[in-house]
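# Secondary and tertiary structure notes
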Amino acid sequence: MGKLKDSFNDMPAAGEVRPGLKLEALKQDIAYNLFCLLGKSPAAASSKDFYTALAYLIRGQLESRWINTAGKYYQQKGIKVVCYLSAEFLIGPQLAKNLLYLDLYEPVRQALAGFGLSLEELLELEPEPGLGNGGLGRLAACYLDSLATLGFPAIGYGIRYEFGIFEQQIRDGWQIEATDKWLQSGCPWEFLKPDVAYDIKFGGHTETSYDESGRYRVLWVPAQVVKGIAADYPIAGYKINSANTLRLWKAEACESFDFQAFNMGDYYAAVDQKVVSENITKVLYPNDEPWVGKQLRLKQQYFFVSCSLQDMIKLHLARSESLEHFHECFAVQLNDTHPSIAIAELMRLFVDEHQLGWNEAWQITQNTFSYTNHTLLPEALEKWPLALLQELLPRHLEIIFELNQRFLDHVRLDHPEHEENLANLSLIDESGEKYVRMAHLASLGSHAINGVSELHSELLKRDVLKDFYALMPDKFSNKTNGVTPRRFIRLSNPKLAGLITERIGEDWLKDLSELSRLEDAVEDHGFREVWRAVKRDNKLRLATYIKRHTDILVDPDSLYDVQVKRIHEYKRQHLNLLHIITLYHIIRQNQNADIAPRTFIFAGKAAPSYFMAKLIIKLIHAVADMINRDIRVRERLQVVFIPNFNVKTSHWIYPAADLSEQISTAGKEASGTGNMKFSMNGALTIGTLDGANIEIHKAVGSEHFFLFGLNADQVYETKATGYDPRALYSSNDLLRESIDTIQTGALSHGDAEVFRPLVKSLLDRDEYLVLADYQSYIACQKDVSLVFRDSDNWSRKAILNTTRMGRFSSDRVVKEYCHDIWNVEPIRSESTLNVMDLVP
Ligand code: 26Q
């Protein structure tokens, strides 16, 4: 890779043409990498080899920005760094993004053409690091993108899972899980740093003593020690000369520990130890909510949290800062409660390992942390059994007890009016088996707590954390989620991005509120026509993708009605299905019914252990089978399930949608972020007043949004006053007919058993009020069909959806976090380091 020198030497500022990366130089660099890294000549190299050679070339380009930035941020005193702690980072494919951000997309395309290759084909070969389940992990990635683009010093800390979220295959309509081998051919974006390593203890017991100065000391004697080593990924900002770091931790056996056993002749014990240690970062748990209390999951959480905090302390001391200033140098964000054991761990590091006094350590800890909640579902709240904590983290349990004691004493003494809430405030749930409530630990140990949409933040104060809110109202705020327009418009929808830029220039990519300047264009007939052409093109592109992956040919002139997200009862994919079955019946009864031709598109994974979610996937396929085979309706309706929804597949889907389904039971979806991605790409939403839908509805205007269903208060009322789904079933003919189609086995070759659990849950309880919202949904969908008939009017609404979505950029929300919670300032990096200057 010595050849890369040419490129570095001529590195200009962002946005300028890079003289060092002239076409010929690029081609030579690619050939050089093929030869040096892969031992291949261009003639012998496969497309995958070209991908690798190119990725390493681009990685080299990133590296200089990165070293430059790291030098500045992490070594310079007085610069405050954001540390985003998250068990998941769903960063998506990296090559196209990095080419765009380095301004190299076009030159590289041309260079590859010189080898007779298409860049798009190479991009398809890139495996994506699926290190997350869905919304929460993707949000973390969007925030890293915005932090880097806005020039805020930040490190993302997480786990380098060897196997990310499973690959979803469909067999006979059922979901099958296959392991995700994203590291099989190595990852060019990864820098493994075996020298950045920390020891992580587990189990054992604690011993107390007094040291020579008479100070009470606790010593944790572990039963197991595991080593965490850093795997770093550069996070470039968009056209800015700096790059931040995503640092993921990989577990390895601790050598000294191995050798102990080995030297005693116990070779097999040493081998076991190695396997047990490395298992910690082997695989991502594929459940989003509800929560599962697996021991290995707690080990993962503590492992990455302890590595990260030790890393911060090392950086801090290396900057010759004293620990009393820790909170002035680091703002640590907890992405949900998954990393919340960090509160006890930082206390342990301060008190036990760095000899700070308890009160001082606690002050610094509270000033360091802030906590984002992502769910209100009671079954999704993390709580760890005391017995498990005692076994794995005995010292942390002591610290939690001590914190709890002091907290409850403080309430009794200073807030006697809250005395009756002590059991609700306690860090320990003592109602049955005893648990530590991680949301309480996170709330107590943080100076700021936020929800992820206006409604969610309100419900947090009213419900899950109401006693904390009563006691410490100033800690609470709302930070409505956002998504990066660089990935979710520019990269995934280049034609739309081109159209926007042609009209208003390209500033919108760094300031999405600029999109409002496009609003005038809505009156321009020509613009609306081009807009439609772009959408048509994206729909055709998706049709091609669908044909390739499902063998179903869909009609690009039909209305694309899309629901893509994790499969959950609260997200109500089955409400969507009831509508489809209803339309089917209507058309069967009246061939001339006035229904705009529609293609219903679903995608999403079900947690492998979530039976009902898997059954919903089967039902989607059963409905698809029935409809797609029926010549009497297939000109009007089509249903497809796109397998293995992930960041990559999402790029084909969002830009092609006409209608975005955001139909969760009000009060259940914390925010949603897919809703934003659709709307930005000019889809209209059919949705409930839930999560960020409410704010999108307000932003785009009620005339341009299809609203239906009960609101959160009405949902609460309906349940409180005795809800009877069977009465609705009996009284509504269309509804009964649709449910009967499922329950009589018409969809399952006469087998009435398959879907019985689903039908039973709808008729007996209907926890998520599917039947309660059915009629309103059907009526609203009818309106959709009518509006879609007037394509020019539809495109007006679509355009206004895009132009009014400026607020939902992750740049906006990251600035809010920086200003309101983290108290950090951006740094401008004027020059790019020339690595060759480092050569003595
Ligand atoms: C917890 C314990 C054990 C195993 C797994 C988990 C786990 C993992 C992932 C629990 C939850 C998650 C993910 C939750 C999630 O993605 N929540 C979504 O967060 C988005 C970003 O704020 C919101 O937009 C969505 O509304 C919310 O559902």
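Residues numbered from 1 in each chain as written. Predicted model: local features only at pLDDT ≥ 70, side-chain atom pairs only at ≥ 80, totals over all residues. Heavy atoms only, no water.

## Side note on the overall build of the protein
Each helix and strand in the protein was counted, giving 34 helices and 22 strands. Here the C-alpha radius of gyration of the protein, 28 Å, is about what a compact globule of 840 residues would show, namely 28 Å. If you line up the protein on its principal axes, its C-alpha atoms span 90 × 75 × 55 Å. The buried share of the protein, taken over its 840 residues, is 62%. Taking as baseline every contact in the protein between residues at least 6 positions apart, the subset at least 24 positions apart corresponds to 77%. Per element, the accessible surface of the protein, about 31400 Å² overall, is 52% carbon and sulfur. Here the protein contributes 92 positively and 110 negatively charged side chains, and the mean placements of these two sets differ by 4 Å. (Helix = DSSP H or I, 4+ residues; strand = E, 2+ residues; numbered from the N terminus. Rg over C-alpha atoms; globule rule 2.2 N^0.38 Å. Buried < 20%, exposed > 50% of the residue type's maximum accessible area, 1.4 Å probe, protein only. Contact = heavy atoms within 4.5 Å. Areas by Shrake-Rupley, 256 points an atom, 1.4 Å probe, with all protein chains shown as cover. Lys, Arg positive; Asp, Glu negative; His and termini not counted. Charge placed at Lys NZ, Arg CZ, Asp CG, Glu CD.)

## Points about the confidence of the model for the protein
Mean pLDDT over the protein: 94, with 95% of residues reaching 70 or higher. The weakest mean pLDDT in the protein belongs to helix 1 (residues 5-9) at 35; the strongest belongs to strand 20 (residues 659-662) at 99. Here residues 1-20 is modelled with pLDDT under 50, and outside its nearest four sequence neighbours on either side it reaches 49 contacts, counting other chains as well. (pLDDT = per-residue confidence, 0-100.)

## Notes on helix 30 (residues 733-743)
Given 3.6 residues to a turn, an α-helix orients residues that are three or four positions apart in the same direction. Among all positions of helix 30, only Leu735, Ser738, Ile739, Thr741 and Ile742 are buried. Taken down its axis, helix 30 places every buried residue within 150° of arc, on the same side. Lining the buried residues of helix 30 we find helix 23 (573-589), helix 24 (611-629), helix 29 (725-731), helix 31 (756-764) and helix 32 (770-789). The backbone nitrogen of Leu734 has a side-chain oxygen 3.2 Å away, supplied by the residue at the start of helix 30, namely Asn732. (Arc of directions from axis to C-beta. Polar contact = N/O pair within 3.5 Å; in protein donor to acceptor, adjacent residues only side chain to side chain.)

## Some remarks on helix 27 (residues 693-700)
Taken residue by residue, helix 27 has Asn693, Glu695, Ile696, His697 and Val700 as its buried positions. Buried residues along helix 27 sit against helix 18 (454-462), strand 20, helix 26 (674-680), strand 21 (684-687), strand 22 (706-707) and helix 33 (791-803). Gly701, located one to two residues past helix 27, shows a positive phi value of around 95°.

## Regarding the nonpolar core
With 269 residues, the main nonpolar core has Leu54, Leu85, Phe303, Leu542 and Trp822 as its most contacted residues. Top element by residues in this core is helix 24. It accounts for 12 residues. Those residues in contact with Leu542 that sit more than four places away from it in its chain are Tyr560, Ile601, Ile642, Trp652, Ile653 and Ala656. (Core = buried A, V, L, I, M, F, W, Y, C linked by side-chain atoms within 4.5 Å.)

## Notes on the packing of aromatic side chains
Aromatic ring pairs are defined here through the distance separating the ring centres and the angle between the ring planes. Using the criterion set out here, one finds 25 aromatic pairs in the structure. The interplanar angle of 80° and the centroid separation of 5.8 Å between the aromatic rings of Phe202 and Tyr302 together place this pair among those described as edge-to-face. Of this pair, Phe202 sits in strand 5 (residues 191-202) while Tyr302 is found in helix 10 (residues 295-318), placing the two residues 100 residues apart along the sequence. Each member of the pair Phe202 and Tyr302 is classed as buried. Members of the aromatic cluster, each reached through a chain of ring pairs, are Tyr84, Phe89, Tyr143, Tyr817 and Trp822. The ring of Tyr560 has Lys539 lying over it, and the distance from NZ or CZ to the ring centre is 4.8 Å. (Phe/Tyr/Trp six-rings, centres within 6.5 Å; stacked < 30°, edge-to-face > 60°. Lys NZ or Arg CZ within 6 Å of the ring centre and 35° of its normal.)

## Side note on unusual backbone geometry
Trans is the common state for peptide bonds, and a negative phi is the common state for residues other than glycine. Of note in the backbone geometry, Asn644 takes a positive phi value of approximately 60° without being a glycine. Following the sequence through the fold, Asn644 ends up in the loop between strand 19 (637-641) and helix 25 (647-653). A relative accessible area of 18% means that Asn644 is categorised as buried. Non-glycine residue Leu769 carries a positive phi angle of around 55°. With respect to the helices, strands and loops of the structure, Leu769 is situated in the loop between helix 31 and helix 32. Note on Leu769: relative accessible area 0%, which makes it buried.

## Comments concerning the site of the ligand
Surrounding the ligand, one finds 23 residues, the nearest of these being Trp291, His374, Asn481, Glu669 and Gly672. Interatomic distance of 2.6 Å between a side-chain N/O atom of His374 and an oxygen atom of the ligand. Note that an oxygen atom of the ligand is positioned 3.4 Å from one of the side-chain N or O atoms of Tyr570. Relative to its unbound accessible surface of 610 Å², the ligand loses 95% to contact with the protein. Residue contributions to the shell around the ligand peak at 3 residues, all from helix 7 (residues 135-149). (Near = heavy atom within 4 Å.)

## Observations regarding the sheet that holds strand 9 (residues 243-253)
Ordered by their spatial adjacency, 9 strands build an open sheet running 5-8-9-2-1-10-11-15-16, and the pairing between neighbours is mixed. Either end of the sheet is taken by a strand with one partner, and the two such strands are strand 5 and strand 16 (476-478). The mean inter-strand angle of the sheet, taken between neighbouring strand axes irrespective of direction, is 25°. Judged from the 3 bridges that link them, strand 11 (residues 369-372) and strand 15 (residues 448-451) form a sheet pairing that is parallel. Paired with Thr372 across the strands is Asn450, a residue of strand 15. The strands that helix 3 (residues 47-75) touches are strand 1 (81-85), strand 2 (154-159), strand 5, strand 8 (224-236) and strand 9; relative to strand 9, the one it contacts most, it runs at about 95°. Strand contacts of helix 12 (residues 342-353): strand 1, strand 5, strand 10 (330-335) and strand 11, with the helix running at about 165° to strand 11, the strand carrying the most contacts. (Pairing = 2+ DSSP bridges. Axes fitted to C-alpha atoms, helices over the stretch in contact; angles between N-to-C directions.)

## Points about the pairing of strand 3 (residues 167-171)
Both strand 3 and strand 4 (residues 174-178) contribute to a ladder of 5 bridges, which runs antiparallel. Bridging from a neighbouring strand, Glu167 pairs with Ala178 of strand 4. Where strand 3 folds back onto strand 4 in an antiparallel hairpin, the turn is made up of 2 residues, including Asp172, whose phi is positive at roughly 55°.

## A look at the pairing of strand 6 (residues 205-210)
Side-chain direction in a regular strand flips from residue to residue, so the side chains alternate between the two faces of the sheet. One ladder, built from 6 bridges, connects strand 6 with strand 7 (residues 216-221); its direction is antiparallel. Bridge pairing in strand 7 places Tyr210 opposite Tyr216. Hairpin connection, strand 6 to strand 7: the antiparallel pair is bridged by 5 residues, and Gly214 has positive phi, about 80°.

## Describing a nonpolar patch on the surface
A cluster of nonpolar side chains, contributed by Tyr267, Tyr268, Val271 and Val275, occupies part of the molecular surface with about 430 Å² of accessible area. Structurally, the position occupied by Val275 is in helix 9 (residues 267-279). (Patch = residues over 30% accessible without salt bridge, like charges linked within 9 Å, V, L, I, M, F, W, Y side chains within 5 Å. Salt bridge = Lys/Arg side-chain N within 4 Å of Asp/Glu carboxyl O.)

## Let's talk about the packing of helix 23 against helix 24
Where helix 23 contacts helix 24, the axes come no closer than 10 Å and their chain directions differ by 15°. Judged on the interaxial angle alone, helix 24 and helix 23 are roughly parallel. The handedness of the crossing between helix 23 and helix 24 comes out as left-handed. Of the residues in helix 24, those in contact with Gln573, His574, Leu577, Ile580, Ile581 and Tyr584 of helix 23 are Ile616, Leu619, Ile620, Val623, Met626 and Ile627. Split into classes, the residues belonging to the contact of helix 23 with helix 24 amount to 10 nonpolar, 2 polar and no charged. (Parallel < 35°, antiparallel > 145°, perpendicular 65-115°, else oblique. Left-handed = near helix turned anticlockwise from the far one by under 90°. Nonpolar A, V, L, I, M, F, W, Y, C, P; charged D, E, K, R; others polar.)

## Examining the sheet that holds strand 12 (residues 383-385)
With respect to topology, 3 strands assemble into an open sheet ordered 12-14-13, the strand pairing being antiparallel. The sheet terminates laterally at strand 12 and strand 13 (428-429), the two strands that pair on one side only. Both strand 13 and strand 14 (residues 435-437) contribute to a ladder of 2 bridges, which runs antiparallel. Bridging across to strand 14, Ile428 finds its partner in Val436.

## Observations concerning the pattern of salt bridges
Inspection of the entire model under this criterion finds 56 salt bridges. Here Asp792 makes a salt bridge to Arg528, at a shortest N to O gap of 2.8 Å. With Asp792 in helix 33 and Arg528 in helix 22 (residues 525-550), this residue pair connects regions lying 264 residues apart in the sequence. Arg528 gets classed as buried once you look at its relative accessible area, which sits at 5%. With a shortest N-O distance of 3.2 Å, Arg807 and Glu695 are connected by a salt bridge. Residue Arg807 is found in the loop between helix 33 and helix 34 (810-822), and its partner Glu695 is found in helix 27; the two are separated by 112 residues along the sequence.

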